There are 2 protein chains.
Amino acid sequence: MIQVYDDVYFMKQAMFQAQTALEEGEIPVGAVIVHKNKIIARGYNMTEKLNDFTAHAEMLAFTSASEYFGNKYLNECSLYVTLEPCVMCCGASYWTRINKIVYAASDENRRGISKGLLHPKTIVKSGLMADEAQQLLQAFFKSKRE
Amino acid sequence: MIQVYDDVYFMKQAMFQAQTALEEGEIPVGAVIVHKNKIIARGYNMTEKLNDFTAHAEMLAFTSASEYFGNKYLNECSLYVTLEPCVMCCGASYWTRINKIVYAASDENRRGISKGLLHPKTIVKSGLMADEAQQLLQAFFKSKRE
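Residues numbered from 1 in each chain as written. Chains lettered and ligands numbered in written order. Predicted model: local features only at pLDDT ≥ 70, side-chain atom pairs only at ≥ 80, totals over all residues. Heavy atoms only, no water.

Participant: What exactly am I supposed to notice about the side chain of A:Thr122 here?
Facilitator: Residue and element names in this part refer to chain A. The topology assignment puts threonine 122 in the loop between strand S4 (100–105) and strand S5 (123–126). Judged by its relative accessible area of 10%, threonine 122 falls in the buried class. Within the local environment of threonine 122, its side chain forms a polar contact with the backbone oxygen of isoleucine 98, the two atoms lying 2.7 Å apart. In this structure, threonine 122 is in contact with Arg97, Ile98, Asn99, Lys100 and Ile101, ignoring residues within four places of it in sequence. (Helix = DSSP H or I, 4+ residues; strand = E, 2+ residues; numbered from the N terminus. Buried < 20%, exposed > 50% of the residue type's maximum accessible area, 1.4 Å probe, protein only. Polar contact = N/O pair within 3.5 Å; in protein donor to acceptor, adjacent residues only side chain to side chain. Contact = heavy atoms within 4.5 Å.)

Structure, rendered in structure tokens:
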């Protein structure tokens, strides 16, 4: 049987969010939150538009997912995000007790994952579609230099 | 000359915010952000009301301060908060490059300050009115047990 709703499928959805961020002049990072194979929240980086550093893709998705559930805890959910979450976003994920984080590209500068900041029950998977995520980021920074 | 607008004055304003959180059934944590001796943003913990772990006092104050300035960077501002900021809030403060963080009570469980997560230029002062902040927290947890 073909598995339609797998990690690649959901990461592609996160990538669409990142693409939207790019089109709107934001650093292209996108996220979706999934519950039982259903996307319940989407977010893309809006720090420029909102003039607000707390408006990372993951943070907006956490808020949206909690609103959907009427519950702050996301321990039955998975986060798909195109860039390794920063310290802030890892700290937020700790509070939500999210079940799984799948991220694409690594962030050498502000990596939060490797600092041991996640909830001990959170499963992590990395590197999925990392090249595509990096290409979006490179396209953004190239356009800024031109 | 009497210094009216000192750290104690601003921490008291943060404490008023925490008191409001307590009255609304939230874990009592309050924050203010100050620019040139003027309070430009206030926040108190709203995680229960908003069903959202990202709604910590500091996060709401960061968003509000950036809105006031029309600028994400808060490097000329000070944050006064009644409890040691958690990992998420320290991570957010890093992005804002806030000049100074003054906090009252320490948080033995989720301390973010001691993990070296702040921006290297951020100055930290702790312990100011710590007893008052702890009393508010104890009052909250006592009321929950009864």
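Participant: Mind showing me how you'd approach helix H4 (residues 130–145) of chain B here?
Facilitator: Every α-helical turn comprises 3.6 residues, leaving residues that sit three or four positions apart pointing alike. Residues and elements named next belong to chain B. For H4, with 16 residues, the first-to-last C-alpha span of 23 Å sits near the 22 Å given by 1.5 Å per residue. Looking at H4, one finds that the buried residues are Ala130, Ala133, Leu136, Leu137 and Phe140. Buried residues in H4, looked at end-on, bunch into an arc of 135°, giving them a common side. In H4, the exposed positions that point more than 90 degrees away from the buried face belong to Asp131, Gln135, Gln138 and Arg145. (Expected span 1.5 Å × (residues − 1). Arc of directions from axis to C-beta.)

Participant: Can you walk me through the packing of aromatic side chains in this structure?
Facilitator: Both the distance between ring centres and the angle between the ring planes are used here to describe each pair of aromatic rings. The tally for this structure, following the rule as stated, stands at 18 aromatic pairs over all chains. Aromatic side chains A:Tyr5 and A:Phe10 sit 6.0 Å apart centroid to centroid with 20° between the ring planes, which places their arrangement in the stacked category. We classify A:Tyr5 as partly exposed; its relative accessible area is 39%. The rings of A:Tyr5, A:Tyr9, A:Phe10 and A:Tyr80 are connected pair by pair, giving a single aromatic cluster. One residue, A:Lys72, lies across the ring of B:Phe53, its end atom 5.2 Å from the ring centre. (Phe/Tyr/Trp six-rings, centres within 6.5 Å; stacked < 30°, edge-to-face > 60°. Lys NZ or Arg CZ within 6 Å of the ring centre and 35° of its normal.)

Participant: I'm lost on the packing of helix H1 (residues 7–23) of chain A against helix H4 (residues 130–145) of chain A in this one. Help?
Facilitator: Helix packing geometry: the angle between the two helix axes and the distance between the axes. All names here are of chain A. Running from amino to carboxyl end, H1 crosses H4 at an angle of 5°, the nearest separation of the two axes being 11 Å. Considered as vectors, H1 and H4 are oriented roughly parallel to each other. From H1, Met15, Ala18, Gln19 and Leu22 reach across to H4, where they touch Glu132, Ala133, Leu136 and Phe140. Residues that form the contact of H1 with H4 fall into these classes: six nonpolar, one polar and one charged. (Axes fitted to C-alpha atoms, helices over the stretch in contact; angles between N-to-C directions. Parallel < 35°, antiparallel > 145°, perpendicular 65-115°, else oblique. Nonpolar A, V, L, I, M, F, W, Y, C, P; charged D, E, K, R; others polar.)

Participant: Help me understand helix H3 (residues 87–96) of chain A in this model?
Facilitator: For H3(A), the tally of buried residues reaches eight of 10 residues, placing the bulk of the element in the interior. Residues of H3(A) that are buried sit in contact with helix H2 (57–69) and S4 of chain A together with helix H2 (57–69) and helix H3 (87–96) of chain B. Looking at the residues trailing H3(A), positive phi occurs at A:Arg97, about 55°.

Participant: What am I meant to see in the pattern of salt bridges here?
Facilitator: Pairing between side chains of opposite charge can happen when the charged atoms of each approach one another. In total, this model carries 10 salt bridges over all chains according to the counting rule given. With its nearest N and O atoms 2.8 Å apart, the salt bridge here joins A:Lys125 to A:Asp7. Linking A:Lys125 in strand S5 with A:Asp7 in helix H1, this pair joins segments that are 118 residues apart in sequence. Between B:Asp7 and B:Lys100 there is a salt bridge, with its nearest N and O atoms 3.1 Å apart. Separated by 93 residues along the polypeptide, B:Asp7 in helix H1 (residues 7–23) and B:Lys100 in strand S4 (residues 100–105) bring together distant segments of the chain. Judged by relative accessible area, which is 13%, B:Asp7 ranks as buried. (Salt bridge = Lys/Arg side-chain N within 4 Å of Asp/Glu carboxyl O.)

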